[in-house]
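# Chain and residue survey
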Amino acid sequence: MNTTDNRLLDIKLLKCFIGKQFKWFQHDEFVFTPTTYGVIYINIDNKNYALTDYYEVKDVLGDNEEISTLRIKEHNEELKSQILNSKVVCENINLKTNNILLVNTKTTIVNKNDPNDKYTLLDTHGIIFNLEDDYQIAFEKDDFGENITIYRGYNLQDKFKNIPNDITSTIIDEYEATCYLEYTSIE
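What counts and how
Residues numbered from 1 in each chain as written. Predicted model: local features only at pLDDT ≥ 70, side-chain atom pairs only at ≥ 80, totals over all residues. Heavy atoms only, no water. Helix = DSSP H or I, 4+ residues; strand = E, 2+ residues; numbered from the N terminus. Rg over C-alpha atoms; globule rule 2.2 N^0.38 Å. Buried < 20%, exposed > 50% of the residue type's maximum accessible area, 1.4 Å probe, protein only. Contact = heavy atoms within 4.5 Å. Areas by Shrake-Rupley, 256 points an atom, 1.4 Å probe, with all protein chains shown as cover. Lys, Arg positive; Asp, Glu negative; His and termini not counted. Charge placed at Lys NZ, Arg CZ, Asp CG, Glu CD. Salt bridge = Lys/Arg side-chain N within 4 Å of Asp/Glu carboxyl O. Polar contact = N/O pair within 3.5 Å; in protein donor to acceptor, adjacent residues only side chain to side chain. 1 Å grid on protein atoms, 1.4 Å probe; cavity = no way out; pocket = protein on both sides within 12 Å on 5 of 7 lines; lining within 4 Å. Points joined across faces, edges and corners; volume = space filled by probe spheres on them. Nonpolar A, V, L, I, M, F, W, Y, C, P; charged D, E, K, R; others polar. Core = buried A, V, L, I, M, F, W, Y, C linked by side-chain atoms within 4.5 Å. pLDDT = per-residue confidence, 0-100. Pairing = 2+ DSSP bridges.

### Regarding the overall build of the protein chain
Secondary structure assignment for the protein chain yields two helices and 11 strands. Beginning at the N terminus, the succession of helices and strands in the protein chain can be written as β-α-β-β-β-β-β-β-β-β-β-α-β. Here the protein chain has a C-alpha radius of gyration of 17 Å; the compact-globule value for 187 residues is 16 Å, and the two agree. Projected onto the principal axes, the alpha-carbon positions of the protein chain cover approximately 55 × 40 × 30 Å. Buried positions account for 45% of the 187 residues belonging to the protein chain. In the protein chain, of all internal contacts separated by at least 6 residues, the share reaching a separation of at least 24 is 64%. For the protein chain, the exposed surface amounts to about 10100 Å²; the carbon and sulfur share of it is 44%. Seen as two clouds, the 19 positive and the 32 negative side-chain charges of the protein chain have centres 7 Å apart.

Listed below in C-alpha coordinates is the structure:
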(Lines give C-alpha, C1' and ligand atoms only; values in the text may rest on other atoms or scores of the structure.)
Protein backbone atom coordinates (compact mmCIF):
# COMPACT_ATOMS: atom_id res chain seq x y z
CA MET A 1 0.00 0.00 0.00
CA ASN A 2 1.29 3.44 -0.95
CA THR A 3 0.68 6.45 1.25
CA THR A 4 0.79 10.07 0.15
CA ASP A 5 1.03 12.54 3.02
CA ASN A 6 -0.31 15.92 1.96
CA ARG A 7 -1.04 17.25 5.45
CA LEU A 8 -0.03 20.64 6.79
CA LEU A 9 2.88 19.50 8.92
CA ASP A 10 4.37 22.71 10.29
CA ILE A 11 2.84 22.12 13.73
CA LYS A 12 5.72 23.96 15.45
CA LEU A 13 4.83 27.16 13.59
CA LEU A 14 1.12 26.77 14.38
CA LYS A 15 1.87 26.27 18.08
CA CYS A 16 3.61 29.67 18.07
CA PHE A 17 0.24 31.27 17.19
CA ILE A 18 -1.47 30.06 20.37
CA GLY A 19 -2.04 32.87 22.85
CA LYS A 20 -1.07 35.48 20.25
CA GLN A 21 -3.23 38.20 18.75
CA PHE A 22 -4.78 37.34 15.37
CA LYS A 23 -4.62 40.92 14.07
CA TRP A 24 -5.98 40.72 10.51
CA PHE A 25 -6.05 38.76 7.29
CA GLN A 26 -5.93 39.95 3.69
CA HIS A 27 -7.27 38.42 0.51
CA ASP A 28 -8.32 39.37 -2.99
CA GLU A 29 -11.75 40.95 -3.07
CA PHE A 30 -14.59 38.47 -3.47
CA VAL A 31 -16.56 38.26 -6.70
CA PHE A 32 -19.48 35.89 -6.08
CA THR A 33 -18.44 33.70 -3.15
CA PRO A 34 -16.16 34.17 -0.10
CA THR A 35 -13.34 32.53 -2.06
CA THR A 36 -9.93 33.88 -2.98
CA TYR A 37 -7.26 32.60 -5.33
CA GLY A 38 -4.12 30.92 -4.03
CA VAL A 39 -3.09 32.94 -1.00
CA ILE A 40 -4.36 34.62 2.15
CA TYR A 41 -2.08 36.86 4.17
CA ILE A 42 -2.44 36.56 7.94
CA ASN A 43 -0.96 38.83 10.59
CA ILE A 44 -0.41 37.34 14.03
CA ASP A 45 1.29 39.52 16.65
CA ASN A 46 2.58 41.84 13.89
CA LYS A 47 4.22 39.03 11.89
CA ASN A 48 2.97 38.25 8.40
CA TYR A 49 2.27 34.74 7.12
CA ALA A 50 1.07 33.41 3.79
CA LEU A 51 -1.51 30.62 3.81
CA THR A 52 -1.41 29.13 0.32
CA ASP A 53 -3.29 26.57 -1.74
CA TYR A 54 -1.24 25.68 -4.81
CA TYR A 55 -0.66 22.49 -6.75
CA GLU A 56 2.25 20.22 -5.86
CA VAL A 57 3.23 17.08 -7.77
CA LYS A 58 2.74 13.97 -5.62
CA ASP A 59 2.43 10.22 -6.16
CA VAL A 60 -1.30 9.47 -6.25
CA LEU A 61 -2.56 6.05 -7.41
CA GLY A 62 0.92 5.27 -8.70
CA ASP A 63 1.14 8.33 -10.97
CA ASN A 64 2.65 11.75 -10.46
CA GLU A 65 -0.34 14.03 -10.13
CA GLU A 66 -0.79 17.68 -9.30
CA ILE A 67 -2.82 17.92 -6.11
CA SER A 68 -4.07 20.92 -4.19
CA THR A 69 -1.82 21.54 -1.17
CA LEU A 70 -2.38 23.81 1.83
CA ARG A 71 0.76 25.37 3.33
CA ILE A 72 1.64 28.23 5.71
CA LYS A 73 4.92 30.09 6.06
CA GLU A 74 6.30 33.41 7.23
CA HIS A 75 5.94 36.04 4.52
CA ASN A 76 7.91 39.28 4.56
CA GLU A 77 7.31 40.56 1.04
CA GLU A 78 4.83 43.22 -0.04
CA LEU A 79 1.27 41.95 0.10
CA LYS A 80 -0.22 42.16 -3.39
CA SER A 81 -3.17 40.80 -5.33
CA GLN A 82 -2.90 37.45 -7.10
CA ILE A 83 -5.57 38.44 -9.63
CA LEU A 84 -5.20 41.07 -12.37
CA ASN A 85 -7.28 44.22 -11.72
CA SER A 86 -8.27 43.04 -8.24
CA LYS A 87 -7.55 44.73 -4.97
CA VAL A 88 -6.49 43.29 -1.64
CA VAL A 89 -9.09 43.54 1.13
CA CYS A 90 -8.05 43.63 4.80
CA GLU A 91 -10.33 42.19 7.49
CA ASN A 92 -9.42 43.33 11.00
CA ILE A 93 -9.91 40.73 13.73
CA ASN A 94 -7.83 41.68 16.82
CA LEU A 95 -8.68 38.60 18.89
CA LYS A 96 -6.41 36.21 20.80
CA THR A 97 -5.87 32.74 19.30
CA ASN A 98 -7.00 30.10 21.81
CA ASN A 99 -6.24 27.05 19.67
CA ILE A 100 -6.19 25.83 16.08
CA LEU A 101 -7.96 22.87 14.52
CA LEU A 102 -6.56 21.20 11.42
CA VAL A 103 -9.28 19.58 9.34
CA ASN A 104 -7.58 16.45 8.03
CA THR A 105 -8.87 13.65 5.85
CA LYS A 106 -7.68 10.08 5.48
CA THR A 107 -8.83 8.55 2.22
CA THR A 108 -8.20 4.89 1.44
CA ILE A 109 -8.63 3.92 -2.21
CA VAL A 110 -8.81 0.25 -3.24
CA ASN A 111 -8.87 -1.16 -6.76
CA LYS A 112 -12.07 -3.23 -7.04
CA ASN A 113 -10.31 -5.75 -9.31
CA ASP A 114 -7.15 -6.05 -7.21
CA PRO A 115 -7.54 -5.65 -3.42
CA ASN A 116 -3.74 -5.48 -3.05
CA ASP A 117 -3.78 -2.29 -5.13
CA LYS A 118 -4.40 0.16 -2.25
CA TYR A 119 -3.55 3.80 -1.70
CA THR A 120 -3.92 6.10 1.26
CA LEU A 121 -4.04 9.87 0.95
CA LEU A 122 -3.59 11.95 4.10
CA ASP A 123 -4.58 15.55 3.51
CA THR A 124 -5.24 18.81 5.32
CA HIS A 125 -8.44 20.18 3.90
CA GLY A 126 -8.79 23.22 6.15
CA ILE A 127 -7.68 25.12 9.19
CA ILE A 128 -9.89 26.65 11.89
CA PHE A 129 -8.60 29.38 14.18
CA ASN A 130 -10.49 29.32 17.49
CA LEU A 131 -10.34 32.82 18.88
CA GLU A 132 -11.60 34.70 21.93
CA ASP A 133 -15.34 34.62 22.65
CA ASP A 134 -15.62 31.30 20.74
CA TYR A 135 -15.36 33.20 17.44
CA GLN A 136 -13.78 31.21 14.62
CA ILE A 137 -12.16 31.90 11.26
CA ALA A 138 -11.76 28.94 8.91
CA PHE A 139 -9.91 28.54 5.65
CA GLU A 140 -10.87 25.64 3.34
CA LYS A 141 -8.85 24.62 0.32
CA ASP A 142 -10.40 23.61 -2.97
CA ASP A 143 -9.41 20.03 -3.88
CA PHE A 144 -9.74 20.72 -7.60
CA GLY A 145 -8.37 24.23 -7.83
CA GLU A 146 -6.12 26.67 -6.06
CA ASN A 147 -8.83 28.58 -4.21
CA ILE A 148 -9.38 29.11 -0.51
CA THR A 149 -12.85 29.64 0.94
CA ILE A 150 -13.11 31.82 4.04
CA TYR A 151 -15.67 31.25 6.80
CA ARG A 152 -16.28 33.43 9.84
CA GLY A 153 -18.56 32.76 12.80
CA TYR A 154 -19.28 29.97 15.26
CA ASN A 155 -19.29 26.13 15.07
CA LEU A 156 -17.44 26.19 11.77
CA GLN A 157 -16.61 22.47 12.05
CA ASP A 158 -20.09 21.99 10.54
CA LYS A 159 -18.83 23.55 7.28
CA PHE A 160 -16.53 20.53 6.83
CA LYS A 161 -18.86 17.64 7.71
CA ASN A 162 -19.65 16.64 4.10
CA ILE A 163 -16.02 16.29 3.00
CA PRO A 164 -15.95 12.45 3.09
CA ASN A 165 -18.99 12.26 0.80
CA ASP A 166 -17.60 14.88 -1.56
CA ILE A 167 -14.24 13.13 -1.88
CA THR A 168 -15.54 9.59 -2.30
CA SER A 169 -18.02 10.66 -4.98
CA THR A 170 -15.15 11.79 -7.23
CA ILE A 171 -13.29 8.44 -7.28
CA ILE A 172 -13.34 6.64 -10.64
CA ASP A 173 -15.45 3.49 -11.04
CA GLU A 174 -12.51 1.09 -10.95
CA TYR A 175 -11.76 2.10 -7.37
CA GLU A 176 -13.67 2.18 -4.11
CA ALA A 177 -12.89 4.84 -1.54
CA THR A 178 -13.52 5.42 2.13
CA CYS A 179 -12.78 8.77 3.68
CA TYR A 180 -12.63 9.79 7.31
CA LEU A 181 -12.58 13.30 8.69
CA GLU A 182 -10.25 14.00 11.60
CA TYR A 183 -9.64 17.14 13.61
CA THR A 184 -6.16 17.70 14.97
CA SER A 185 -6.11 20.23 17.80
CA ILE A 186 -3.06 22.48 18.12
CA GLU A 187 -2.83 23.93 21.63
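### Focus: unusual backbone geometry
A positive phi angle, near 50°, is found at Asp-45, a position not held by glycine. Assignment of secondary structure puts Asp-45 in the loop between strand S4 (39-44) and strand S5 (47-60). You will see that Asn-46, though not glycine, has its phi angle at about 65°, which is positive. Considering the arrangement of structural elements, one finds Asn-46 in the loop between S4 and S5.

### Examining the pattern of salt bridges
By the definition in use, this model includes five salt bridges. Note that Glu-91 and Arg-152 form a salt bridge whose closest N and O atoms lie 2.6 Å from each other. Pair noted here: Glu-91 is in strand S7 (residues 88-111) and Arg-152 is in strand S10 (residues 147-153), with a separation of 61 residues, a long-range link. Taking relative accessible area as the criterion, Glu-91 reaches 17% and is therefore assigned buried.

### A word on the side chain of Thr-149
Along the chain, Thr-149 falls in strand S10. A polar side-chain atom of Thr-149 sits 3.2 Å from a polar atom in the side chain of Thr-35. Not counting residues within four places of it along the chain, the set of residues in contact with Thr-149 comprises Pro-34, Thr-35, Ala-138, Phe-139 and Glu-140.

### Focus on the layout of surface pockets
Considered as a void within the structure, the largest pocket measures approximately 630 Å³ in volume. Lining the largest pocket are 27 residues, and of these Val-60, Ile-67, Leu-121, Phe-144 and Ile-171 sit closest to its centre. Looking at the lining of the largest pocket, the elements that each hand over two or more residues are strand S1 (2-6), S5, strand S6 (63-74), S7 and strand S8 (114-131). Per-element tally for the lining of the largest pocket: the top contributor is S6, with five residues. Across the lining of the largest pocket, the residue classes tally to 11 nonpolar, nine polar and seven charged.

### Description of the side chain of Gln-136
If you trace the backbone, Gln-136 turns up in strand S9 (residues 136-141). Exposure remark for Gln-136: the relative accessible area of 5% places this residue in the buried category. A polar side-chain atom of Gln-136 sits 2.4 Å from a polar atom in the side chain of Asn-130. Those residues in contact with Gln-136 that sit more than four places away from it in its chain are Ile-128, Phe-129, Asn-130, Tyr-151, Arg-152, Gly-153, Tyr-154, Asn-155, Leu-156 and Gln-157.

### Describing the nonpolar core
Judged by nonpolar contacts, the single largest core of 26 residues is most densely connected at Phe-22, Ile-42, Phe-129 and Phe-139. The contact partners of Ile-42, leaving out residues within four places of it in the chain, are Phe-22, Trp-24, Phe-25, Lys-47, Asn-48, Tyr-49, Leu-51, Ile-72, Phe-129 and Phe-139. Among the nonpolar cores identified, the runner-up in size contains 10 residues, and Leu-101, Tyr-151, Leu-156 and Ile-163 belong to it.

### A short note on the confidence of the model for the protein chain
Chain-level pLDDT for the protein chain is 89 on average; 96% of the residues reach the 70-or-more range. At the low end of the mean pLDDT range in the protein chain sits helix H2 (residues 163-168), at 73; at the high end sits S9, at 96.

### Some remarks on the pairing of strand S2 (residues 21-28)
Burial runs high along S2: six of the eight residues are buried. One ladder, built from seven bridges, connects S2 with S7; its direction is antiparallel. Looking across to S7, one finds that Phe-22 is bridged to Leu-95. Taken together, the four bridges between S2 and S4 define a ladder with antiparallel strand orientation. Across the sheet, the residue bridging to Phe-25 is Ile-42, located in S4.

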